[in-house]
Every structure is written in structure tokens, then in C-alpha cells.
Amino acid sequence: MSGSEHGEIVDEQPPCPICDDARWLNVDAPVGSPEFGTVVPCECQEKVWGSHVNKRLRDYSDLGPLERMTFESMEPTGRDGFADPASFRKARDAAQRYSHDPMGWLIISGPSGTGKTHIAAAIANRLVSDGRPVKFVSVPDLLDHMRATLDRNPDDPDGDDFEGLFSHIIEAPMLVLDDLGVQSPTRWAEEKIDQVLSQRYARRLPTVFTTSLPVERMPDRLRTRVMDPFISERIELLAGAGNADRSSIGLDSSQLKSMTFESFEPRGARDSTPRQRDTLESARNAARSFAEMPQGWIYLAGPTGVGKTHLAVAIANVQLQQGRSVLFRFVPDLLDQLRRAYQPNSAIGFDREFQVIRNCEVLILDDLGAQATTAWAEEKLYQLIVHRHAAGLPTVITSRVMLDEAAASGFTNRYSDAIASRLRDTHVVWEYAMLAPDYRHRGAASSRNRSDEVARDRPRNGSKSSRTTRAK
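Notes on the side chain of S232
Item 1. Looking at the element boundaries, S232 is found in strand β7 (residues 232–236).
Item 2. Here S232 falls in the buried class, since its relative accessible area comes to 12%.
Item 3. A polar contact of 2.7 Å, which involves the side chain of S232, links it to the backbone oxygen of R225.
Item 4. For S232, the contacting residues outside a window of four places in its chain are W105, I107, R225 and V226.

A short note on the pairing of strand β9 (residues 326–330)
Item 1. Buried residues dominate β9, accounting for four of its five residues.
Item 2. Relative to strand β10 (residues 362–368), β9 is paired through five bridges, and the arrangement is parallel. Counted as the bridge partner of R329 is L365 from β10.

Observations concerning the sheet that holds strand β8 (residues 297–301)
Item 1. Judged by pairing direction, the sheet is parallel, and its five strands sit side by side in the order β9-β10-β11-β8-β12 without closing on themselves. Strand pairing shows two members of the sheet lacking a second neighbour, β9 and β12 (429–433), which therefore form its edges. Geometrically, the sheet is characterised by an average inter-axis angle of 15 degrees between neighbouring strands, direction not taken into account.
Item 2. Two strands pair when backbone bridges link them, and β10 and strand β11 (residues 395–399) are joined in this way by four bridges, in the parallel orientation. Its bridge partner lying in β11, I364 is registered against V396.

Details of unusual backbone geometry
Item 1. Despite not being glycine, D179 shows a phi value in the positive range, around 65 degrees.
Item 2. Structurally, the position occupied by D179 is in strand β5 (residues 175–180).
Item 3. With a phi close to 55 degrees, R204 is a non-glycine residue in the positive phi region.

Basis of the calculations
- Residues numbered from 1 in each chain as written.
- Predicted model: local features only at pLDDT ≥ 70, side-chain atom pairs only at ≥ 80, totals over all residues.
- Heavy atoms only, no water.
- Helix = DSSP H or I, 4+ residues; strand = E, 2+ residues; numbered from the N terminus.
- Buried < 20%, exposed > 50% of the residue type's maximum accessible area, 1.4 Å probe, protein only.
- Polar contact = N/O pair within 3.5 Å; in protein donor to acceptor, adjacent residues only side chain to side chain.
- Contact = heavy atoms within 4.5 Å.
- Pairing = 2+ DSSP bridges.
- Axes fitted to C-alpha atoms, helices over the stretch in contact; angles between N-to-C directions.

Worth remembering: the numbers are spatial, not functional.
Right, dumping it as C-alpha cells:
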């Protein structure tokens, strides 16, 4: 940064007696006035701007190569696969509204690669295009530059002055701080950032910052300001399929490659009966239909080894290809994951973890009923199921428990009736019984067991006989 870059839009000028070379003046307006906290250029800048306003604004903004990052150059749903499309659209719309009337703070949070910097730069570029001053700085770069000014030779006339740089950042009429939280976590760095934000918060100066820090991991003072509804608006970008490794989705590449609709064998094991094969065929057709247009819930029930998980992963494959955010969770592992999120050293706090799971576009719960039936586990499942049921979010469930048995054998405490009631809601949930011998025992002799009897005697609400329309 040069002296003009960090504080002044104008060329070299004599000292200004009006603004004391700050180049900007706070509007003298009472609290509650629409003009309270706004900043206007001093006369000393207006005299020299003339026809070069746009160039001077761009020089002052420090956007540099980020000038290409505009709302017009932005993909409507973000970079393909890197950001959850729904969350990106919401963030983009909120940023566009803010760019037309920048008041208060806008906090853009989310994992690396989801488009936070592009959205923040688009706000800055829109303001520059509208003839409004804005300063865009990367927090790590800003701190590095501040450290350099502390070590400069005081006799160097071309060196930057720390107090001047610090003052111009605090007093910028509009400030965008990119990558807050990425800086080295030293006490000095945290103190300087806290001073900048404290001063801007007190003066109600428009500020945008991007961060990958979840709210619960922010320093207390920053978290208090971020959560202040009178000044702050927070928008969150969620990771898309291409931005997360398969472990975060819950699947690895070998599973996704091997478990497809094409590789699913509806003929079952060698000793499967025609009726058993019909249940597999019906489940595959229904799962394929759901994958192409996910609506409501699909519940795949049956004994171990009939292909329930295979079909669930096949659904995930199609949804990932369509760019939707998908989470696949083996239910016992999901509960372990939530327990770990309670720990103080957790990288992602429980609230954030649970929010991501509850609100993902397509959630797959594998082997519901296999979890340890503790009161805590069932409370979390109850909260998860109630939320997604009420919101109508597409959900896939596999289980060894038939729905009419769920209350009796799948759950044991006071949440059982409430969970089972929602799972048995035929307006939302489509059950498909997959009743056949274990695939893993292909060719092995098997006696006629309960699976044969159920398939022969009890057509379920998701069976071929009652759900042919859905399967088609």
C-alpha cells in the first residue's frame, strides 16, 4: 500500500484545515437519524476529483485484480459444486440489497471456496460504479502492512505511517475486510482487529467482512456485535458437493462409483422368489424416481443385505450430479459425530453441525434403529425428524424396522410415538419393503422365512401393488 492507497483518494495536496487531512467528515446527525454514522468527502477531495472520480475511487478501493469480481460475472448459484446453490442465491441476493443501501454490518460466512470473497468484492465494485468510496482489504495483508510500518525508519519520507494507516482503516466510509479469522492468532493481531471493529461498531460505519469462523468460535466481543440485530446481518454459505471431500458428505469415491442404479441387481440372491424380486424391483424404481425429482421422504425397509444402502447411495449419486447438497449419515455414526461436536476442542460447534445436517437439501439416514436407544440419542433424532418433516425437506431413510413396528421395536422412550407418527405420515413418507435373502449369501440355501411370509401376506403402503404410480 502507498500513502494514497490506504487513506486518500486525492493527489498530493497541502494540509486541509477542515478535515485535518482525514479527507472525510462524519455527518453531524442525531442518533436515529438516517444520516447518523454516514461519512462524506471533505471539500479538499471534491476540488480535485473532477472528471477522474471513477479512477480515483478505484485506486482508493485497493480492489486491484478483484475489479473483475462483480455481480454480473457471478454464477447465479456459485461455482459449480463448490457452494450449496440455495445458500449462495440467498447470500447473493442479500449482498445486492446491501450494495444499494449499505447500512450497518454484513457478515458473510462459510467454508473456503464457497464464494465469500467474490460476493464481498462484488459489493465493493458496485459501490465504486455508483461513485461511492469503499476500501477493500485482506485482513492478513492488512496486519502484515501494519507490522511493517512499525519497523519503518522514521526518517524515510516515503514510508507509511502506522497511525495514519490505522486511522484511515478505522475511518473509511465503507470498509470490506476479507478473510477475518485467517490471520495469525497473536494477541497483537487480535487487539488491532478488535480496535478497528470496535471503533467502526461505535460509529455505526458500514462494514462488510468475510470469515470461515462459525459464530460460536468468534471472540466474545466480536460475537456480541455480529449477533446484534440492530446493526448486523449475517449470511451463511454452505459447502456444495464439489467443495467437500467425500468424508464430509459421508461417502467415499469407491462407494459412489460402485453403488449406482445400474449396478443394483433386482433379481436378488439365487434363491429369491419372484415375489421377493418384485419388492426389490419396486424399491429400485421408486428410488430412481425419487432421485430424479426428490419430493417428500422415502423409507427403505428390510433385513440386512437386501440393497437398502445401495439404493440410498445411488440416490446420493444422482443428487450430487444435479448439484444439490447431500449428506449421507449412518445413524450411529451421526450421533457420535454430534456428541463430539459438544467437546470444547471441536472444530465445528454443535449448533453449527446440527444446523447443517437439519437443513441440507437431501439428507440420507442409513440404518435408522441401529443406534443405542438412549434418551439423548432419541431427543436429537426427534429434533432432526420433526424439523425436516415440518419443512418438507427431501429425506431418505433405510432401516431394518418396518414402520408399523417402529414404535414397538425401534424406539423406547417418550419420543417414540412422536417419531413414529411422522414416519408413518403417508402424505410425506413412502415406505418400500425390500424382502429378500441376503445378497452377501448369494446361492446359499435358505429356508422360507418371515420375509417370504410378509411379502406374500402383507402388501405395504409402499409395495408395488399400492405404489405403482410412484414407481413409474
